[in-house]
Amino acid sequence: MPQMDFALSETAEMIRDTTQRFAKERIEPLAARIDAEDWFPRDELWTAMGELGLHGITVDEEFGGLGLGYLEHVIACEEVSRASASIGLSYGAHSNLCVNQIRRWASPEQKAKYLPKLISGEHVGSLAMSEAGAGSDVVSMKLRAERRGDRYILNGTKFWITNAAYADTLVVYAKTGEGSRGITTFLIEKGMPGFSIGQKIDKMGMRGSPTAELVFDDCEVPEENVMGPLNGGVGVLMSGLDYERTVLAGIQLGIMQACLDVVLPYLRERKQFGQAIGSFQLMQAKVADMYVALNSARAYVYAVAQACDAGRTTRFDAAGAILLASENAFRVAGEAVQALGGAGYTRDWPVERFLRDAKLLDIGAGTNEIRRMLIGRELVGAA
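Rules behind the numbers
Residues numbered from 1 in each chain as written. Predicted model: local features only at pLDDT ≥ 70, side-chain atom pairs only at ≥ 80, totals over all residues. Heavy atoms only, no water. Pairing = 2+ DSSP bridges. Helix = DSSP H or I, 4+ residues; strand = E, 2+ residues; numbered from the N terminus. Axes fitted to C-alpha atoms, helices over the stretch in contact; angles between N-to-C directions. Parallel < 35°, antiparallel > 145°, perpendicular 65-115°, else oblique. Left-handed = near helix turned anticlockwise from the far one by under 90°. Contact = heavy atoms within 4.5 Å. Nonpolar A, V, L, I, M, F, W, Y, C, P; charged D, E, K, R; others polar. 1 Å grid on protein atoms, 1.4 Å probe; cavity = no way out; pocket = protein on both sides within 12 Å on 5 of 7 lines; lining within 4 Å. Points joined across faces, edges and corners; volume = space filled by probe spheres on them.

Asks: Quick question: what am I supposed to make of the pairing of strand β3 (residues 151-162) here?
Replies: The side chains of a regular strand alternate, residue by residue, between the two faces of the sheet. In this sheet, β3 lies alongside strand β2 (residues 144-148) in antiparallel orientation, the contact comprising five bridges. Bridge pairing links Arg-148 to Arg-151 in β3. Hairpin connection, β2 to β3: the antiparallel pair is bridged by two residues, and Gly-149 has positive phi, about 65°. The pairing of β3 with strand β7 (residues 211-222) spans nine bridges and is classified as antiparallel. Looking at β7, one finds that Arg-151 is bridged to Pro-222.

In structure tokens:
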């Protein structure tokens, strides 16, 4: 398939080539099983991805990372997701929501303790923000942390948490006061007294990216596990959302590319009325729309990632990039199902999986309704 030249650096292209090759050889052959069995192939993939440096793309070299930027991170997420969006989601939650937040906010001692094993892939990371009653209204969270001497006691639950059941290190937000100035970020370790995994959540798509509830029942957390300023968790959280949205938009780019990877050969090979269906103008128009949807989203997402790297990110453009990518991806995946006709509606072809997977990011990392509200509010306020 022809590729638009986005004038990327040699380093970015190297990340794409390396990740694409690994994803094609190691992830794609597992993708159908990952979805069918809701299976997270930690042993098969996680340390191997660490050996490639994928888990620490944005982390300084002194802690074992590659010291690169968000553009390279987006591209890696895109290529992983092209092979399996489920693995792309778990990868994004690990490498961006957990690892990158630790890079940005942890103390030198915390970085030295947690980053090496997360970056090598020996450990899996997660971030816990949402609760059953606190999604878009995250400040209404109920998980509470009360200080007792040199430690905090956490009580409550978190819900919809990606990688929860396998996570060794979790970035967790809890109430230490009232309102938006009363939330603090904690580094939680698997095995801490009073911390456990609750119900596992069976999802429509992104199966194999494990999602579960976290339960804190008098969970004891040492004072040194506070990450960032006390009662400054909203600042930690909101600053990370811009990067989260930018990097996770790469998942949707990967899904759209995967759709074209399937549809184009099918249009050339499938024959009706004595000719390849790709010779019909309606089918050519369909694939043209898919290609334009992919590259328009790619251009926006790459531009926002480059702005992040230059320190010029804007909250409404980070929201806008994932808004465009998520809606385009769901539409492209629907067109991929349509292009394959009856075959597309069966599990014999992966496009029905692409459609189920694509829906998540209309909802996750802030719903599209919240993204539109944020963009509109910023633009009207700027006027």
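Asks: I tried to follow the packing of helix α7 (residues 233-269) against helix α10 (residues 351-358) on my own but got confused; where do I start?
Replies: Each pair of packed helices gets described by two things: the angle between the helix axes and the distance between those axes. Remark: α7 packs on α10, axes separated minimally by 10 Å, with the N-to-C direction vectors making an angle of 165°. Relative to α10, α7 is oriented roughly antiparallel. Judged by the twist between their axes, the crossing of α7 over α10 is left-handed. Across from Gln-252, Ile-255, Ala-258, Cys-259 and Val-262 in α7, the residues of α10 making contact are Val-351, Phe-354, Asp-357 and Ala-358. Taken together, the residues of the contact of α7 with α10 break down into seven nonpolar, one polar and one charged.

Asks: Is there a simple way to think about the environment of Arg-377 in this case?
Replies: Mapped onto the elements, Arg-377 comes out in helix α11 (residues 368-382). With 240 residues separating them in the primary sequence, Arg-377 and Asp-137 have C-alpha atoms 16 Å apart.

Asks: Help me understand empty space enclosed by the protein, please; the structure alone is not making it clear to me.
Replies: A water-sized probe rolled over the atoms picks out the places where empty space is left. Scanning the model with the defined rule gives two cavities of 30 Å³ or more in all. In this structure, the largest cavity encloses a volume near 60 Å³. Surrounding the largest cavity, Asn-96, Leu-97, Gln-101, Leu-127, Met-129, Tyr-173, Leu-237, Gly-240, Leu-241 and Glu-244 form its lining. The element contributing the most residues to the lining of the largest cavity is α7, with four residues.

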